[in-house]
Amino acid sequence: DAGVIQSPRHEVTEMGQEVTLRCKPISGHDYLFWYRQTMMRGLELLIYFNNNVPIDDSGMPEDRFSAKMPNASFSTLKIQPSEPRDSAVYFCASSLDFRPEAFFGQGTRLTVV
Amino acid sequence: AQKVTQAQTEISVVEKEDVTLDCVYETRDTTYYLFWYKQPPSGELVFLIRRNSFDEQNEISGRYSWNFQKSTSSFNFTITASQVVDSAVYFCALSGYNFNKFYFGSGTKLNVKP
């Protein structure tokens, strides 16, 4: 299995622009997580899905952030409009119901200028 | 409340030294899981180990070993005979009985010098 695949690996965008981050979980995994990592706040859980349904989005910082999982093999995290303080590494992870460890993608480094 | 504390922000050792990374957790759950992840300079998060709260046996995997003690709410990680390739940030994490939500510590940066 190729593991969790995230795209793009790096994204530089101007303030106010819309940004879409993409994730392909490991095939067969029924949980998908979006995390954000910054120096100040460490790793923060933004939202997670179970069987494509959002279960807990309490970590989503603002209404500018939205996440979707239209099918079991694809999820997006969208920021609109983006702000410089959104600059961070965004990780996607997936896991199986009976194996609680999550497997992470390589992350998307977002820079908003 | 769920919380993971990694008090050591950064540790530097010389190659071949043993090093222990500390992890202390807080939880009210009776069933929970503890994890260690490694984040090398390349940035990805690599899963190392999972323990559940009912299994206090220590575990050894090559040069890595883990000491889980419920009495002190600790899950420490020891690297024996450290190598330069062990240089990374190591995260301890906790999840509750519905193991979907992870609580990560702030990480310990390990520098292994040749």
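Calculation notes
Residues numbered from 1 in each chain as written. Chains lettered and ligands numbered in written order. Predicted model: local features only at pLDDT ≥ 70, side-chain atom pairs only at ≥ 80, totals over all residues. Heavy atoms only, no water. Contact = heavy atoms within 4.5 Å. Buried area = accessible area lost by both parts, 1.4 Å probe. Salt bridge = Lys/Arg side-chain N within 4 Å of Asp/Glu carboxyl O. Polar contact = N/O pair within 3.5 Å; in protein donor to acceptor, adjacent residues only side chain to side chain. Helix = DSSP H or I, 4+ residues; strand = E, 2+ residues; numbered from the N terminus. Nonpolar A, V, L, I, M, F, W, Y, C, P; charged D, E, K, R; others polar. 1 Å grid on protein atoms, 1.4 Å probe; cavity = no way out; pocket = protein on both sides within 12 Å on 5 of 7 lines; lining within 4 Å. Points joined across faces, edges and corners; volume = space filled by probe spheres on them. Buried < 20%, exposed > 50% of the residue type's maximum accessible area, 1.4 Å probe, protein only. Pairing = 2+ DSSP bridges. Axes fitted to C-alpha atoms, helices over the stretch in contact; angles between N-to-C directions.

Participant: Before we go on, may I ask you to explain the interface of chain A and chain B in this structure?
Facilitator: Interface size is often expressed as the accessible area that is lost when the parts come together. If you look at the interface, chain A gives 22 residues, while chain B gives 16 residues. Interface of chain A and chain B: buried area, both sides summed, is about 1,600 Å²; carbon and sulfur atoms make up 62% of it. Run the count over chain A and chain B and you get zero salt bridges. Where chain A packs against chain B, one counts two residue pairs in polar contact (both at pLDDT 80 or more). Secondary structure elements with two or more residues in the side of chain A that touches chain B: β4 (31–38), β5 (42–50), β9 (88–96) and β10 (99–104) of chain A. No other element matches the six residues that β10 of chain A contributes to the side of chain A that touches chain B. By residue class, the composition of the side of chain A that touches chain B is 13 nonpolar, four polar and five charged.

Participant: Explain the layout of surface pockets to me, please; I cannot follow it from the model alone.
Facilitator: Gaps left between atoms show up when a probe the size of a water molecule is rolled over them. Estimates place the volume of the largest pocket at around 770 Å³. Of the residues that constitute the lining of the largest pocket, the class distribution is eleven nonpolar, 17 polar and four charged. Lining the second largest pocket, in full, are Tyr35, Arg41, Leu43, Glu44, Leu45 and Gly59 of chain A together with Lys101, Phe102, Tyr103 and Phe104 of chain B. At the level of secondary structure, the elements contributing two or more residues to the lining of the second largest pocket comprise β5 of chain A together with β11 (102–104) of chain B. Split into classes, the residues belonging to the lining of the second largest pocket amount to six nonpolar, one polar and three charged.

Participant: How should I be thinking about the environment of Gln2 of chain B in this particular structure?
Facilitator: Residues and elements named next belong to chain B. Mapped onto the elements, Gln2 comes out in the segment before β1 (3–5). Spatially, the C-alpha atom of Gln2 lies 9.7 Å from that of Phe104, the residues being 102 residues apart in sequence. Contact partners of Gln2, with chain neighbours within four places excluded, come to Glu26, Thr27, Arg28, Asp29, Leu94, Gly96 and Tyr103. Looking at Gln2, its side chain comes within polar contact range of the side chain of Thr27, at 2.5 Å. Within the structure, the side chain of Gln2 is placed 3.1 Å from the side chain of Asp29, a separation counted as a polar contact.

Participant: It is not clear to me how the pattern of salt bridges should be interpreted in this structure. Could you clarify?
Facilitator: In a structure, side chains of opposite charge can pair up when their charged atoms sit close to one another. Going through the model one piece at a time under the given rule, you end up with eleven salt bridges over all chains. Across the pair Arg85 of chain A and Glu83 of chain A runs a salt bridge, and its minimum N-O distance is 2.6 Å. Exposure remark for Arg85 of chain A: the relative accessible area of 54% places this residue in the exposed category. For the salt bridge of Arg51 of chain B with Glu59 of chain B, the shortest nitrogen-to-oxygen distance reads 2.5 Å. Salt bridges linked by common partners bring Glu62, Arg64, Glu83, Arg85 and Asp86 of chain A together as one network.

Participant: Looking at this structure, I do not really get the sheet that holds strand β1 (residues 5–7) of chain A. What am I missing?
Facilitator: Note on sheets: strands pair through backbone hydrogen bonds, and any given pair is parallel or antiparallel. Residues and elements named next belong to chain A. The sheet built from four strands is open, its strands ordered β1-β3-β8-β7 with antiparallel pairing. Among the strands making up the open sheet, the edge pair consists of β1 and β7 (65–71). Averaged over all pairs of adjacent strands, the angle between their axes in this sheet comes to 15°, without regard to strand direction. Two elements, β1 and strand β3 (residues 19–24), share three bridges in a ladder whose sense is antiparallel. Residue pairing across strands places Ser7 opposite Arg22, the latter belonging to β3.

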